[in-house]
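# Examination of the molecular architecture
Spelled out, the chains give:
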Amino acid sequence: MTDRPQITIFDTTLRDGEQSPGCSMNVQEKLRLARQLDRLGVDVIEAGFPIASDGDFEAVQKIAANVRRPIIAGLARACTPDIDRAWAAVKSAAHPRIHVFLATSDIHLKYKLRITREQCLAQAEAAVRHAKSLCADIQFSPEDATRTDIPFLCNVVEAVIAAGATTVNIPDTVGYSMPEEYGQLIRTLRENVAGIENVTISTHCHNDLGLAVANSLAGVQNGARQVECTVNGIGERAGNASLEEIAMTMRVRADHYPYQTAIAGEQIFASSQMLAEITGVPVQPNKAITGRNAFAHEAGIHQDGMLKNPLTYEIMTPQSVGVPDSRLVLGKHSGRHALALRCEQLGHKFERRELDELYRKFVILADRIKRVQDNHLIGLIQDAGTMTSSPDLSHFAAARKIGPRSAPMMNFPRTAAAAAAAAHESVSIQIAQSSVAIPFPDKRADHEDYLWGV
Ligand SMILES: [Zn+2]
């Protein structure tokens with residue numbers, strides 16, 4: 001442990017995240033994910049919105065009863081039935097929290113709630129007081145805080161603190177804030193609200209302009225000590241601040257963000273995969289930290305550098321976020337070094353001249369099909385007749401007789417070289433009967449290895 005301030009990670013994957021289109025989960029799925037969030041080391045799990053449905057209530061209750069380390073929060077609007085229902089769902093938790101919210105912006109007051117500012121203030125205060133009579137740990141969120149008149153926001157926050165709130169969460173509900181602006185708002189609250197030094201200030205930023213993580217970090221730099229976020233950044237519309245991006249930014253750039261979280265980095269990838277599997281919503285391939293390409297290197301010069309020393313192009317290791325290994329994707333930007341290594345993993349070791357010949361064919365094929373899979377590579381090797389390396393292909397024979405469509409998937413043993421550099425998906429190939437016929441123009445020169453990706 002260092003003396004860097006600890007940032008509480010409030011995970012709302014099961015509440016705000018579950019509100020994203022296509023991401024709804026049943027009770028068993030939520031419980032399974034909550035157990036993974038526990039392993040991931042989040043401090044607070046917002047398990048659901050108990051009054052929203054019986055299923056939500058049951059999920060929150062089950063998580064409260066079964067996941068004992070983190071705080072378990074239930075969401076409630078600022079009214080007695082919601083608060084009572086939330087309390088009924090979380091009260092069996094080892095560490096229960098009620099999260100009360102009420103919109104405070106004029107646009108929400110006028111068109112959604114149809115109440116005045118005075119009524120809003122009174123309702124917020126009364127709701128927090130009622131929640132506090134049930135539970136010691138109370139969080140209050142002035143919904144749409146970033147579009148709320150700032151003096152009025154200060155009044156509301158001051159009132160709910162006096163009524164017993166222990167965490168005040170400042171939502172950028174519509175994802176409208178800029179980092180400087182959001183940071184300044186947190187600072188203004190700290191400087192102007194009586195009693196704020198006794199509570200935790202929290203961020204809740206939406207990603208409509210792609211700034212959710214930047215805004216959350218700006219909030220932390222200005223005194224927020226809790227961040228609300230979700231795995232893979234899922235959430236309403238464009239989503240929430242991504243948990244993995246917040247946690248790894250603070251780890252990788254601790255020089256710039258001298259804070260710490262209790263997140264177990266090596267559980268990040270498993271959490272992301274489990275969420276994608278449960279919801280059926282895949283992670284965008286280029287998603288930071290958890291996307292399938294986040295640690296893939298295709299450009300030749302990058303691959304060559306990676307093989308010599310991963311630090312050349314990696315700011316964090318795949319292992320540090322639980323990705324078993326970085327992947328070298330073979331495409332037209334790949335160089336000889338990466339090609340040779342993959343061939344080795346497939347059981348073929350070539351002399352320089354043979355490799356040159358194979359490489360020329362490889363580049364032509366890669367130009368056409370973009371990503372060269374292992375089966376394509378095997379086809380090239382067989383066509384080239386460059387079998388002087390006497391690979392052991394006996395285990396292919398059976399598959400080849402069966403024919404291309406029904407060929408079984410085969411798992412190759414991982415070599416030391418594979419472990420060092422190759423696919424973290426098992427090197428699994430399907431043998432194609434007819435390899436692609438490749439014209440064989442002799443144009444490419446050695447230096448073309450490194451034309452790409454500089
Ligand atoms: Zn939200």
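Everything quoted here is computed from the prediction, not taken from an experiment.

What counts, and where the lines are drawn
Residues numbered from 1 in each chain as written. Predicted model: local features only at pLDDT ≥ 70, side-chain atom pairs only at ≥ 80, totals over all residues. Heavy atoms only, no water. Helix = DSSP H or I, 4+ residues; strand = E, 2+ residues; numbered from the N terminus. Buried < 20%, exposed > 50% of the residue type's maximum accessible area, 1.4 Å probe, protein only. Contact = heavy atoms within 4.5 Å. Areas by Shrake-Rupley, 256 points an atom, 1.4 Å probe, with all protein chains shown as cover. Phe/Tyr/Trp six-rings, centres within 6.5 Å; stacked < 30°, edge-to-face > 60°. Donors = N, O, S within 2.8 Å, 3.2 Å for Na, K, Ca; no water. pLDDT = per-residue confidence, 0-100. 1 Å grid on protein atoms, 1.4 Å probe; cavity = no way out; pocket = protein on both sides within 12 Å on 5 of 7 lines; lining within 4 Å. Points joined across faces, edges and corners; volume = space filled by probe spheres on them. Nonpolar A, V, L, I, M, F, W, Y, C, P; charged D, E, K, R; others polar. Lys, Arg positive; Asp, Glu negative; His and termini not counted. Salt bridge = Lys/Arg side-chain N within 4 Å of Asp/Glu carboxyl O. Polar contact = N/O pair within 3.5 Å; in protein donor to acceptor, adjacent residues only side chain to side chain. Axes fitted to C-alpha atoms, helices over the stretch in contact; angles between N-to-C directions. Left-handed = near helix turned anticlockwise from the far one by under 90°. Pairing = 2+ DSSP bridges. Core = buried A, V, L, I, M, F, W, Y, C linked by side-chain atoms within 4.5 Å.

Turning our attention to the overall build of the protein. Helix and strand content of the protein: 16 helices and 12 strands. Counting over 454 residues, the protein shows a buried share of 54%. Put simply, 73% of the contacts in the protein that link residues at least 6 apart link residues at least 24 apart. Put simply, the protein shows about 19600 Å² of open surface, and 52% of that area lies on carbon and sulfur atoms.

All chains considered together, the criterion is met by two aromatic pairs. For the ring pair tyrosine 359 and phenylalanine 362, a centre distance of 6.0 Å and an interplane angle of 35° mean the geometry is tilted. Placement of both tyrosine 359 and phenylalanine 362 in helix α13 (residues 352-369) is noted, with a separation of three residues, approximately one turn of the helix. Note on accessibility: tyrosine 359 and phenylalanine 362 belong to one class, buried.

What follows is about the coordination of the zinc ion. Only Asp16 (OD), His204 (NE2) and His206 (NE2) from the protein reach the zinc ion as donors, at distances of 1.9 to 2.1 Å. Between consecutive donors of the zinc ion, the numbers of intervening residues give the motif D-x187-H-x1-H. Remark: histidine 204 occurs in strand β7 (residues 200-205) and aspartate 16 occurs in the loop between β1 (8-11) and α1 (27-40); sequence separation between them is 188 residues. Like histidine 204, aspartate 16 is buried.

For the protein, mean pLDDT is 84; residues scoring 70 or higher make up 83% of the total. Every residue in residues 386-454 is under pLDDT 50, and counting partners more than four places away or in other chains gives 136 contacts.

Space inside the largest pocket adds up to approximately 450 Å³. In this structure, the largest pocket is lined by 27 residues; those nearest its centre are Asn232, Gly233, Ala238, Gln284 and Lys287. Of all the elements in the fold, those that place two or more residues in the lining of the largest pocket are α8 (212-221) and α10 (268-279). Class assignment for the residues of the lining of the largest pocket results in 13 nonpolar, 11 polar and three charged.

The next thing to look at is the side chain of glutamate 228. With respect to the secondary-structure elements, glutamate 228 resides in strand β8 (residues 226-229). Although buried, glutamate 228 forms no salt bridge, and the nearest oppositely charged side chain, arginine 15, lies 4.9 Å from it. Among the polar contacts made by the side chain of glutamate 228, one reaches the side chain of asparagine 169 at a distance of 3.2 Å. Residues in contact with glutamate 228, not counting those within four places in the same chain, are Phe10, Thr12, His99, Gln139, Asn169, Ser202, Thr203, His204 and Ala241.

Attention now goes to the packing of α1 against helix α2 (residues 54-66). Where α1 meets α2, the axes come as close as 9 Å, and the angle between the chain directions of the two elements is 35°. For α1 against α2, the interelement crossing comes out right-handed. For the pair α1 and α2, the contacting residues are Val27, Lys30, Leu31, Ala34 and Arg35 in the first and Gly55, Asp56, Glu58, Ala59, Lys62, Ile63 and Asn66 in the second. The class makeup of the residues in the contact of α1 with α2 is five nonpolar, two polar and five charged.

What the eight strands build is a closed barrel, ordered β1-β2-β3-β4-β5-β6-β7-β8; its pairing is parallel. For this sheet the average axis-to-axis angle between neighbouring strands, irrespective of direction, equals 25°. Bridge analysis of β1 against β8 gives four bridges, and the strand direction is parallel. Bridge pairing links phenylalanine 10 to glutamate 228 in β8. The sheet contacts of helix α6 (residues 150-162) involve β5 (138-143) and β6 (167-172), and relative to β6 the element is tilted by about 150°.

Here we take up the nonpolar core. A general tendency of soluble globular proteins is for nonpolar side chains to be buried together. Ile45, Ile98, Phe140, Val157 and Ile170 are the most contacted members of the largest nonpolar core, which totals 89 residues. Considering each element in turn, this core owes the most residues, seven residues, to α6. Once residues within four sequence positions are removed from consideration, phenylalanine 140 is found in contact with Val100, Phe101, Leu102, Ala124, Val128, Val156, Val160, Ala165, Thr167, Val168 and Asn169.

A separate point is the pattern of salt bridges. Using the criterion set out here, one finds 24 salt bridges in the structure. As a salt-bridge pair, arginine 85 and aspartate 54 come within 3.5 Å of each other at their nearest N and O atoms. Pair noted here: arginine 85 is in helix α3 (residues 80-90) and aspartate 54 is in helix α2, with a separation of 31 residues, a long-range link. Using a relative accessible area of 29% as the deciding quantity, one classes arginine 85 as partly exposed. In this structure, the salt-bridge partner of glutamate 58 is lysine 62, at a minimum N-O distance of 3.0 Å. Of the two residues, glutamate 58 and lysine 62 both sit in helix α2, four residues apart, roughly one turn of that helix. The partly exposed category is assigned to glutamate 58, whose relative accessible area is 34%. Shared partners join several salt bridges into a network, and the residues in it are Arg15, Asp16 and Glu46.

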